[in-house]
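These are the residues of each chain, in order.
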Amino acid sequence: MNLYIRVDGNSQIGLGHLMRCFALAQMLQSDFSITFVCRFIPDKIKNDIKEVCFKLLEIENEADFLKLPTKNDIIILDGYHFDLSYQKSIKITESTLVCIDDLFDKEYVADLIINHAPNVYPDNYTTLVDTQFALGPEYALLRPLFLEQARNKKEIIEIETVFICFGGSDFKNLTTNTVKVITEFSVFKRIIVVTGIAFKHIDELKIAIDSDKRIEHFNGIDERKMLELMKVSDLAIVPSSGILNEVLSVGCRVVSGTYVENQKFIYEAYKNENCFYDAYDFESKGLNEAIEKAISMIPLNKNSIDGLSNERLLKIFKKIKMTKGMSLRLATIVDTEITFLWAKNPEIRRFSFNKKEILWEEHVAWFQSKINNPQSIYLIAEIENKSVGSIRFDIVEGSFIISYLIGSDYHGYGLGKEILKKGINFLKQFVSETRLSGNKIIGFVIKDNIPSLKAFRALGFLETEDKENSKFEISI
């Protein structure tokens, strides 16, 4: 399955969007063919993308990109200029739309929204009813080395080494001002200063650092070197951008603040979680106060990032891949064995109305009676030619009674909703082509079967009580 990532970065835009998309791409590369689509991208990041064997398509205008998506593709957008109109131009291709967002300042028609800031909720967004969300630090968009480090955070005993980095461009030159403040503190034995490939103030910075032998300056370093420097640092001074997640994943004590509008929500969210010492806008007064608190080792929350976001996000994207690739066909005699294995599986039987043990001979007779019965529409769901579940519609008193299941190997991917949706569409087409008649579809669900309850509710079925179960009903 093709996965296109539409994202830009330069000294004006910043490099944060590119870097978090690069992190996401590395999380997903085992299962997808990934292409970065960019109008603006520095040469250094071009090389990084190609080294990891991702494709790169450079475009001159949006029309060059918008002619690419098909219904089988996943499109990821990361940028503040991808407004509702732009999103709709992708949705009409029937491709799956994923938006990475940290502002929730516009309406979305995305199938999935990713925001790795803390204390974000679906209610913050104006979007479609069935939009999925991956919200909070458990979905942190971090590169592999930082994810690994997050699972093995270091402990800080005392503050002696400080790490300073304001991202790829630092157009306000906060690096130089911060260096001037930090050199006034004799407690720091080592001062590590990192600037990015788009930093334009090297000459000013050199004047500030030349007189202090404690300072080591690095420019345009790679991920491995960046992590190495963070690991030897006790305190990190960084803005509330992607690099904040990186230093938190390593386990550094952190001084952070905000200096541009698009950092404000992340700044407030992590501040409310007590994850850093607050330097406000990085002016000298606020910076001094935050450093004093850091030196005093005032406690912070250091457990916001657990290093497992790659597993969670890959599972979500695998689900998208599965649901897009699912197809239905009429069951035949060759499906006897797989349907028997499903029917006797304890995990599946737990939510069945018939709890008694099923014998092979009984199943064969029952199965043949169903596939040969014109009043029963028995369908098998397949993904990449593998049978993953079944859905059946039995005509009873003018209604179509649903019975469906997902094979236990495919539980947890949200396929129940997809098999229901595809099954209903198949049924409607089948009815229009045959003499079958019925005016509604009915499903009965045991109340402990939470995934199935959610699936029926998401598809707009009317829910009522039926003895101790839930009854779902929708017109055909």
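Data block above holds the structure.
Here's what I pulled together on the structure shown here. What you are looking at is a predicted structure, and each value in this text was computed from that prediction instead of being measured. (Residues numbered from 1 in each chain as written. Predicted model: local features only at pLDDT ≥ 70, side-chain atom pairs only at ≥ 80, totals over all residues. Heavy atoms only, no water.)

A separate point is the overall build of the chain. Looking only at helices and strands, one finds 17 helices and 20 strands in the chain. Principal axes of the C-alpha set define a box for the chain whose edges measure 90 × 50 × 35 Å. The long-range share in the chain, meaning contacts at least 24 apart out of those at least 6 apart in sequence, stands at 62%. In the chain, 59 side chains carry a positive charge and 66 a negative one; their mean positions are 3 Å apart. (Helix = DSSP H or I, 4+ residues; strand = E, 2+ residues; numbered from the N terminus. Contact = heavy atoms within 4.5 Å. Lys, Arg positive; Asp, Glu negative; His and termini not counted. Charge placed at Lys NZ, Arg CZ, Asp CG, Glu CD.)

The topology assignment puts serine 95 in the loop between helix H4 (84-91) and strand E5 (96-100). In terms of polar contacts, serine 95 uses its side chain to reach the side chain of threonine 93, at 2.9 Å. With sequence-adjacent residues up to four places away left out, serine 95 is seen in contact with Pro69, Thr70, Lys71, Asp73, Ile75, Ile90, Asp111 and Lys324. (Polar contact = N/O pair within 3.5 Å; in protein donor to acceptor, adjacent residues only side chain to side chain.)

With respect to burial, strand E15 (residues 376-383) is a largely interior element, 8 of its 8 residues being buried. Residues of E15 alternate between two faces, with Ser376, Tyr378, Ile380 and Glu382 on one and Ile377, Leu379, Ala381 and Ile383 on the opposite face, all of them buried. Bridge count for strand E14 (residues 326-330) against E15 is 5 bridges, and the pairing is antiparallel. Paired with serine 327 across the bridge in E15 is glutamate 382. The turn joining E15 and strand E16 (residues 386-396), which pair antiparallel and follow one another in sequence, is formed by 2 residues; a positive phi near 50° is taken by glutamate 384. (Buried < 20%, exposed > 50% of the residue type's maximum accessible area, 1.4 Å probe, protein only. Pairing = 2+ DSSP bridges.)

This structure, assessed with the given rule, holds 1 cavity of 30 Å³ or more. When its volume is computed, the largest cavity comes out at roughly 70 Å³. As for the largest cavity, its lining consists of 13 residues, of which Leu77, Gly79, Ile100, Lys106 and Tyr108 are closest to the centre. Residue assignment for the lining of the largest cavity shows that the elements contributing at least two residues are helix H1 (16-28), strand E4 (74-78) and E5. (1 Å grid on protein atoms, 1.4 Å probe; cavity = no way out; pocket = protein on both sides within 12 Å on 5 of 7 lines; lining within 4 Å. Points joined across faces, edges and corners; volume = space filled by probe spheres on them.)

Turning our attention to the packing of aromatic side chains. Under the criterion given, the structure shown has 22 aromatic pairs. Taking the centre distance of 5.3 Å and the plane angle of 70° together, the rings of phenylalanine 367 and tyrosine 378 count as edge-to-face. Highlighted residues: phenylalanine 367 in helix H15 (residues 360-371) and tyrosine 378 in strand E15, separated in sequence by 11 residues. A single burial state applies to phenylalanine 367 and to tyrosine 378, both of which are buried. (Phe/Tyr/Trp six-rings, centres within 6.5 Å; stacked < 30°, edge-to-face > 60°.)

Turning our eyes to something else, we now look at the pattern of salt bridges. Inspection of every chain in the model, using the stated rule, returns 30 salt bridges. The salt bridge partner of arginine 312 is aspartate 306, with a shortest N-O separation of 2.6 Å. Judged by its relative accessible area of 31%, aspartate 306 falls in the partly exposed class. Among the charged side chains, a salt-bridge network with shared partners connects Arg6, Asp8, Arg39 and Glu62. (Salt bridge = Lys/Arg side-chain N within 4 Å of Asp/Glu carboxyl O.)

So, about the side chain of serine 390. As for its position among the elements, serine 390 is in strand E16. Beyond its immediate stretch of four places on either side in the chain, serine 390 contacts Trp342, Tyr378, Leu379, Ile380, Ala381, Ser403, Tyr404, Leu405 and Ile419.

Of note, glutamate 223 is situated in helix H8 (residues 223-231). It is 27 Å that separates the C-alpha atoms of glutamate 223 and isoleucine 207, two residues lying 16 residues apart in sequence. When neighbours within four sequence positions are excluded, glutamate 223 is seen to be in contact with Arg143, Pro144, Leu145 and Phe146.

Residues Leu24, Phe36, Ile114, Phe163 and Phe317 are the most contacted members of the largest nonpolar core, which totals 84 residues. With 7 residues, H1 is the single largest residue contributor to this core. Residues within four places of isoleucine 114 in sequence aside, it is in contact with Leu24, Val98, Cys99, Ile100, Asp101, Ala134, Leu141, Leu313 and Phe317. (Core = buried A, V, L, I, M, F, W, Y, C linked by side-chain atoms within 4.5 Å.)

Topologically, tryptophan 342 is positioned in helix H13 (residues 336-344). Each C-alpha atom, one on tryptophan 342 and one on serine 408, is 7.7 Å from the other, the two residues being 66 residues apart in sequence.

Before going further, it helps to spend a moment on the pairing of strand E11 (residues 235-239). Both faces of the sheet carry side chains from a regular strand, because those side chains alternate between them. E11 sits mainly inside the fold: 5 of its 5 residues count as buried. Here E11 shows a buried face lined by Leu235, Ile237 and Pro239 and a second buried face lined by Ala236 and Val238. For strand E8 (residues 161-165) and E11, the ladder comprises 3 bridges, and the chain directions are parallel. Bridging from a neighbouring strand, valine 162 pairs with leucine 235 of E11. Judged from the 5 bridges that link them, E11 and strand E12 (residues 253-257) form a sheet pairing that is parallel. Note that in E12 the partner of leucine 235 across the bridge is arginine 253. Remark: the E11/helix H9 (residues 242-250)/E12 crossover connection has right-handed handedness. (Right-handed = clockwise from strand over helix to strand, strands pointing away.)

With that out of the way, let us pick up the sheet that holds E4. The 7 strands are arranged E3-E2-E1-E4-E5-E6-E7 in an open sheet whose pairing can be described as parallel. Edge strands, defined here as strands with exactly one partner in the open sheet, are strand E3 (55-58) and strand E7 (132-135). Neighbouring strand axes in the sheet, compared pairwise and without regard to direction, differ in orientation by 20° on average. With respect to the sheet, helix H12 (residues 309-325) is in contact with strand E1 (2-7), E4, E5, strand E6 (112-115) and E7, its orientation differing from that of E6 by roughly 170°. (Axes fitted to C-alpha atoms, helices over the stretch in contact; angles between N-to-C directions.)

So, to be careful, I would describe these as geometric facts and stop short of saying anything about function.
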